[in-house]
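# Per-entry structural report
Chain by chain, the residues run as shown.
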Protein chains: 2
Amino acid sequence: MTAAQSLKSAPVDIVLVDRTNHHLFQPLLYQVATAALSPSDIAWPLRTTFRSQPNVRVVMDDVQAIDRRERVVQVREGPPIPFDMLILAPGSRHWYFGHRDWEPHVPGLKTLADALELRERLLLVFEGAVRRQRTAETKINLTFVIVGGGPTGVELAGALAEIGFKAMRPDFPSLPWEDLRILLVEGGERILPGFSPALSAKAKSALERMGVTVLVKTMVQDVRAGTVVIGNQPIEAAHMIWAAGNRASPLLESLDVPLDPSGRVKVRADLTIPDDPWLFVIGDAAHSAGKDGTPLPGLAPVAMQQGRYVAGLIKKHTPPEQRPPFVYADRGMLATIGRAKAVAESGPLQFSGMFAWLLWCVVHIFFLIGFRNRLRVMSEWTWYYLTFKPGARLMYWNQRKV
Amino acid sequence: MTAAQSLKSAPVDIVLVDRTNHHLFQPLLYQVATAALSPSDIAWPLRTTFRSQPNVRVVMDDVQAIDRRERVVQVREGPPIPFDMLILAPGSRHWYFGHRDWEPHVPGLKTLADALELRERLLLVFEGAVRRQRTAETKINLTFVIVGGGPTGVELAGALAEIGFKAMRPDFPSLPWEDLRILLVEGGERILPGFSPALSAKAKSALERMGVTVLVKTMVQDVRAGTVVIGNQPIEAAHMIWAAGNRASPLLESLDVPLDPSGRVKVRADLTIPDDPWLFVIGDAAHSAGKDGTPLPGLAPVAMQQGRYVAGLIKKHTPPEQRPPFVYADRGMLATIGRAKAVAESGPLQFSGMFAWLLWCVVHIFFLIGFRNRLRVMSEWTWYYLTFKPGARLMYWNQRKV
């Protein structure tokens, strides 16, 4: 999207292909899953975004393969789409470290459907717990295990704790609150490994104060229906959410170029594939080496800067030998934990608490596309901050006729 | 809900049972179906509404039967719920005049799931039409038939025409617009039969100016997959929506009292069933005779006034012989057709056009529960009125894993 927008006034014909009709602001997806925001607050139709950009044609279709010989993109429904230049940004999906059978038991959070499924499950479990007698099963039904202590896992654990222990409390007075357990499981030394150790520790103690059990240096050994085995101990839990591994889109295999162990394309300094100066791979799907040689993280700012960089090369039709290498301007990282609780790091600066949280709010509001969404999300957050009444606590996902 | 809220300070224990966790503001459901509003704009969680009313316990469950002998309500999941007094307001569902096999082909619009299903279908058909070559099938795919010319059918037809012919136009420049057809089929003499003939005629010509084909005195004779037979003529249409007949909930059969041909309970003047002075039936489920002897219409104002009336009897524990009969205070009727187009009737007063539309907006905003929803809907409408960019044009309903 950033690349297409950056090519606004360029003399090119752009075809934007996506399998959905909307762009999803992933960093706030966990807020839909925890009933704080509605789907339409964090997603917007691609066609509306490009309504006034006549050089863009939007195609809603599912890309099946890249045919480099014919120079066409093969899609599921429509005819093949020919191209002169191609920007691939297919992102990543969950990766269960080879255990594909875990997926149905530990779903991840990538789409609006995932988020609504989780929201409905969360709400249903509370309704079920107040309807039935308290039994041994109640505790299992109220146990949530989040696998992965990166920003997604931390934000999800914090939001679950907030909605579970605080926002829901006045509405379910008869719920056995002592049975509600939220476990955050991280295999590494500490949660938020991308941040400094001091901020990691702050995030951990903030989560613990909110009622989350944080387990570090704990690997998930096995997952079965209703049970996760961690540290050689089986834990019965009705709800498990995967926020651990990612793997780049399998679409990249059709390029027939070297991939790294995470399935990402090893791009050159100008983000092209080894033997095609006009085929770019950006975002989560690209293994693009940073200053110290390690691959750049799979973050939205990286992808957006790459989009702008590639659009610049296309606009000027820069020949390969004259291209400056892509350099990521790292402005820092943010993760929120709960109301008025967040951690932020930018170069040598470190913040936590209220100030970091306000910074987080401002940055996320800023990156939402469109005035309408900014206004809606801002008003929803203000409302929730003041009243603790999440607005989107609706169940309709499983009303569908079968 | 109105009855429970009216009993706020009464010394009674209230159990509110509903199969969903939210109250849905049905009059605006068609706006969710046409992508103008989001589900959370027109629905709100019951528990939040009754958070500060300690005499209400909310149970999310599906009522299966009323056992009058044991005086319990039988539900699907939880234990039976005993009662001293009972208010039944189970509403109605679609009625296909005995043709149950029509239902899968002509779905109605009663739940958020129905609305999201229709929204997704509407958006998908536009995406499909620009992706594929124009063929004979394109016209069928772009034909919408709405059965029933009451307020629901008229509002839906108007909203479809507006989104189809106006709001979508800039986003799908290559769509063959001449293939888009919206048919409104009404069996009676005129659409909006509850309104005066003059307003009916105004609504008809307003719809026709918007591109809707209005067929009156036209009965649906048969419905098959992709085809509806009207006036002995088969019409091929990929989308058919039922807004014609309603029938009261089948739950009422378990009461074992006389029902009218629409399945409604023939209640006495105090809205009780013939042989139980503390078992009330209100809303769409009740056949309550109006001043002229005809049953009161199935409208929200009738149901709400009945709820308040019954709450009054319960509060004062009025014995049957001292009860004044229920009298409906008819404040008029409203139906909207499109942007700045509506009809309104209140006693001898009749309005149409911009003024009626503003009146409609004010009334509907007023009846939405809660400051948050009022603000959101008001801002969405203002946004849509100014920009013609509907905010909720998202597809995610069929993303669910199978």
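In this text the structure is predicted, and so the values were computed from the model without any measurement. (Residues numbered from 1 in each chain as written. Chains lettered and ligands numbered in written order. Predicted model: local features only at pLDDT ≥ 70, side-chain atom pairs only at ≥ 80, totals over all residues. Heavy atoms only, no water.)

### Quick notes on the overall build of chain A
- Regarding its fold elements, chain A presents eleven helices and 24 strands.
- Here the C-alpha radius of gyration of chain A, 22 Å, is about what a compact globule of 402 residues would show, namely 21 Å.
- Each principal axis of the C-alpha distribution contributes one length, and for chain A these read about 70 × 45 × 40 Å.
- With 402 residues in all, chain A has 53% of them scored as buried.
- Taking the contacts inside chain A whose residues are at least 6 apart along the sequence as the reference set, 64% of them involve residues at least 24 apart.
- Roughly 18000 Å² of accessible area belongs to chain A as shown, and the carbon and sulfur atoms make up 56% of that amount. (Helix = DSSP H or I, 4+ residues; strand = E, 2+ residues; numbered from the N terminus. Rg over C-alpha atoms; globule rule 2.2 N^0.38 Å. Buried < 20%, exposed > 50% of the residue type's maximum accessible area, 1.4 Å probe, protein only. Contact = heavy atoms within 4.5 Å. Areas by Shrake-Rupley, 256 points an atom, 1.4 Å probe, with all protein chains shown as cover.)

### Some thoughts on the packing of aromatic side chains
Residue and element names in this part refer to chain A.
- Across all of its chains, the model carries 16 aromatic pairs over all chains by this definition.
- Taking 5.9 Å as the distance between ring centres and 65 degrees as the angle between the ring planes, the aromatic pair formed by F97 and W242 counts as edge-to-face. With F97 in the loop between β9 (92-95) and α5 (112-131) and W242 in strand β16 (residues 239-242), this residue pair connects regions lying 145 residues apart in the sequence.
- Relative to W177, the ring of F126 has its centre 6.1 Å away and its plane inclined at 40 degrees; by these criteria the two rings are tilted. Placement of the pair is F126 in helix α5 and W177 in the loop between α7 (151-167) and β11 (181-185), with a sequence separation of 51 residues. In terms of burial, F126 and W177 fall into one category: buried.
- Aromatic rings pair up to connect Y96, F97, W102 and W242 into one cluster.
- We note R323 situated over the ring of W278; from NZ or CZ to the ring centre the distance is 4.4 Å. (Phe/Tyr/Trp six-rings, centres within 6.5 Å; stacked < 30°, edge-to-face > 60°. Lys NZ or Arg CZ within 6 Å of the ring centre and 35° of its normal.)

### Focus on the environment of K139 of chain A
All names here are of chain A.
- Residue placement: K139 occurs in helix α6 (residues 136-141).
- Take K139: its relative accessible area is 37%, and that puts it in the partly exposed class.
- Spatially, the C-alpha atom of K139 lies 9.1 Å from that of A238, the residues being 99 residues apart in sequence.
- Contact partners of K139, with chain neighbours within four places excluded, come to D179 and R181.

### Some words on helix α8 (residues 197-209) of chain A
Residue and element names in this part refer to chain A.
- Compared with an ideal rise of 1.5 Å per residue, which puts 13 residues at 18 Å, α8 spans 18 Å between its outermost C-alpha atoms and is within 8% of the ideal.
- L199, S200, A203, A206 and L207 are the residues of α8 that are buried. Across the axial projection of α8, the buried residues extend over an arc of 130 degrees, all falling on one side. Among the exposed residues of α8, those pointing more than 90 degrees away from its buried face are P197 and R209.
- Those residues of α8 that are buried are in contact with α7, β11, β12 (212-215), β22 (333-338), β23 (341-346) and β24 (349-352).
- The first or second residue beyond α8 is G211, which carries a positive phi of 105 degrees. (Expected span 1.5 Å × (residues − 1). Arc of directions from axis to C-beta.)

### Quick word on the pairing of β24 of chain A
Residue and element names in this part refer to chain A.
- Note that β23 and β24 share four bridges and pair antiparallel. Directly across from E345, in β24, lies its bridge partner Q350.
- The antiparallel hairpin formed by β23 and β24 contains two residues in its connecting segment, where G347 sits at a positive phi of about 55 degrees. (Pairing = 2+ DSSP bridges.)

### A look at the side chain of T2 of chain A
All names here are of chain A.
- For T2, the location among the structural elements is in helix α1 (residues 2-6).
- The buried category is assigned to T2, whose relative accessible area is 16%.
- Contact partners of T2, with chain neighbours within four places excluded, come to M304 and R308.

### A short note on the pattern of salt bridges
- Throughout the structure, instances matching the rule amount to 26 salt bridges over all chains.
- The residue R132 of chain B makes a salt bridge to E77 of chain A at a minimum N-O spacing of 3.6 Å. With R132 of chain B in the loop between α5 (112-131) and α6 (136-141) and E77 of chain A in the loop between β6 (72-75) and β7 (81-82), this residue pair bridges two chains.
- The shortest N-O distance in the salt bridge between R264 of chain B and D260 of chain B comes to 3.0 Å. You'll find R264 of chain B and D260 of chain B in the same group, each marked buried.
- What emerges from the salt-bridge pattern is a single network uniting R19, D62 and R76 of chain A. (Salt bridge = Lys/Arg side-chain N within 4 Å of Asp/Glu carboxyl O.)

### Description of the sheet that holds β16 of chain A
All names here are of chain A.
- Within the open sheet, the four strands sit side by side as β12-β11-β10-β16. Their pairing is parallel. Taken across any chain shown, the strands that pair with only one partner, and hence form the sheet edges, are β12 and β16. Recorded for the sheet is a direction-independent mean angle of 15 degrees between the axes of neighbouring strands.
- Taken together, the four bridges between strand β10 (residues 143-147) and β16 define a ladder with parallel strand orientation. Note that in β16 the partner of F144 across the bridge is H239.
- Strands β10, β11, β12 and β16 of the sheet are contacted by α7, whose axis makes an angle of about 175 degrees with β11.
- Against the sheet, α8 makes contact with β11 and β12, and its axis sits at roughly 145 degrees relative to β12, the strand it touches most. (Axes fitted to C-alpha atoms, helices over the stretch in contact; angles between N-to-C directions.)

### Some details on the sheet that holds β24 of chain A
Residues and elements named next belong to chain A.
- Strand order in this open sheet of three strands is β22-β23-β24, and the pairing throughout is antiparallel. The sheet is open, and its two borders are formed by β22 and β24, each paired with just one other strand. On average, each strand axis in the sheet is inclined to that of its neighbour by 5 degrees, with strand direction left out of account.
- Looking at chain direction, β22 and β23 are connected through five bridges and run antiparallel. Within β23, the position partnered with M333 by the bridge is E345.

### Some points on unusual backbone geometry
Residue and element names in this part refer to chain A.
- At L271, a position not held by glycine, the phi torsion is positive, near 70 degrees.
- For L271, the location among the structural elements is in the loop between β18 (265-266) and β19 (272-273).
- Look at H317: it is not a glycine, yet its phi comes out positive at around 50 degrees.
- When you line up the elements, H317 lands in the loop between α9 (300-316) and β22.

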